[in-house]
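Spelled out, the chains give:
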Amino acid sequence: QVQLVESGGGLVQPGGSLRLSCVASGSFVRINTMGWYRPTPGKQRELVATITSDGITNYAGSVKGRFTISRDSAKNTVYLQMNSLKPEDTAVYYCQANSNRYWGTRAYDSWGQGTQVTVSS
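Being a predicted model, the structure only gives us computed values, none of them experimental. (Residues numbered from 1 in each chain as written. Predicted model: local features only at pLDDT ≥ 70, side-chain atom pairs only at ≥ 80, totals over all residues. Heavy atoms only, no water.)

Asker: Honestly, the sheet that holds strand β1 (residues 2-7) in this entry has me stumped. Any pointers?
Answerer: Strand pairing in a sheet is mediated by backbone hydrogen bonds. Such pairs are either parallel or antiparallel. Spatial strand order, β1-β3-β8-β7: 4 strands in an open sheet with antiparallel pairing. Strands with a single pairing partner mark the edges of an open sheet, and in this sheet they are β1 and β7 (67-72). For this sheet, the mean inter-axis angle between neighbouring strands, taken without regard to orientation, is 15°. Bridging between β7 and strand β8 (residues 77-82) involves 6 bridges; their strand directions are antiparallel. Note that in β8 the partner of Phe-67 across the bridge is Met-82. (Pairing = 2+ DSSP bridges. Helix = DSSP H or I, 4+ residues; strand = E, 2+ residues; numbered from the N terminus. Axes fitted to C-alpha atoms, helices over the stretch in contact; angles between N-to-C directions.)

Right, here's the structure in full:
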C-alpha cells in the first residue's frame, strides 16, 4: 500500500504563488506517473498536471504556463509550483501516484487526502 501526504496549501491573493508537495511512502518497488488533480463541477477530479518517471509532463490547458510539476524520485516526492494564481484555481488539490507493489505485478493508483488552495483577496 502507498501513502501520499500533501502539504503546502493555503490562502493566497490573486496573482500570488504556492508550492505543493506530496511525499509517497509505503510498500512499492516503483512509482510510475505522479500527478495533481482537483475537482470541478460535473467531474469527480480533473487532471491538473502529471509527470512520468522519465520526466515527461502533461498539463491542463487552464494551468499551462502558470503551473510547473516536478519530482524528486530519490525522495519519492512530487511538487507543483503554482504561479499567477486565479480565484478559479481555488480547490482541494489531490496527489496521485501510480505504482507497482512488486516487480511484474499490475500497477495501481493511490490518492492523497488533499490540500486546500484558496485564491482570494
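Asker: Honestly, the side chain of Thr-77 in this entry has me stumped. Any pointers?
Answerer: Mapped onto the elements of the fold, Thr-77 is located in strand β8. For Thr-77, a relative accessible area of 6% gives the class buried. From its side chain, Thr-77 meets the backbone oxygen of Lys-75 in a polar contact 2.8 Å long. Thr-77 has contacts with Cys-22, Val-23, Ser-70, Arg-71 and Asp-72, leaving out every residue within four places of it along the chain. (Buried < 20%, exposed > 50% of the residue type's maximum accessible area, 1.4 Å probe, protein only. Polar contact = N/O pair within 3.5 Å; in protein donor to acceptor, adjacent residues only side chain to side chain. Contact = heavy atoms within 4.5 Å.)

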